[in-house]
Amino acid sequence: MYAGGESEGGREAIAAFSDSYVTHGGTVDELRKKVADVNARRERLQGAAFDSIGMSAYVIIRDSEAEARAELERITTINPDSPGYASFEEFTKHSNLDVEVSAREYSVGTRALRPELVGTPEQVAEKIRAYEEAGVNLLLIQASPLHEELERIATDLFPLVGKN
């Protein structure tokens, strides 16, 4: 069973019943700390660390970092007059998240941009390996347009990170 929650109470409850933990994206250091925290809770409550730790991550790969950054800028340009912006304000007003979410992050999925999986396939593969070393062994990939981007990820990125 996979479960995710960011609040203090959510992490404690999940550690008591779940086999695996999933979280919003974050930096490598944030995830290293979160993995240690939730595994310590699970060890205390169930006698062992989580079987798996997953993280949502928006992935953009291109032939050059500049091309990837241009795509990131294109998809995260925000109009404060759009209906989606009101949704963002409502979400942040009523959420108990452990870090603040920017409108840019919210534009593509709550904190999925924080891992910074944006760049060349080699750059993104290196970052994925850093997350793996921090204890993350499952990525919930977000991308758009989905078919086109997943094809690029499967062809250009997956051979660099392999299957575990």
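About the criteria used
Residues numbered from 1 in each chain as written. Predicted model: local features only at pLDDT ≥ 70, side-chain atom pairs only at ≥ 80, totals over all residues. Heavy atoms only, no water. Helix = DSSP H or I, 4+ residues; strand = E, 2+ residues; numbered from the N terminus. Phe/Tyr/Trp six-rings, centres within 6.5 Å; stacked < 30°, edge-to-face > 60°. Buried < 20%, exposed > 50% of the residue type's maximum accessible area, 1.4 Å probe, protein only.

A. Focus on unusual backbone geometry. For the bond running from Ser144 to Pro145, omega is -5 degrees, close enough to zero to count as cis. Looking at where Pro145 falls in the secondary structure, it is placed in the loop between β5 (138-142) and α7 (146-161). Although it is not a glycine, Glu116 adopts a positive phi angle of roughly 60 degrees. Residue position: Glu116 is located in the loop between α5 (103-106) and β4 (117-119).

B. Looking closely at the packing of aromatic side chains. Counting across every chain of the model gives one aromatic pair. On the numbers, 6.0 Å between centres and 40 degrees between planes, the contact of Tyr21 with Phe50 is tilted. Taken together, the positions of Tyr21 in strand β2 (residues 20-23) and Phe50 in the loop between α2 (28-46) and β3 (52-61) put the pair 29 residues apart, joining distant regions of the chain. Here Tyr21 and Phe50 have matching classes, each one buried.

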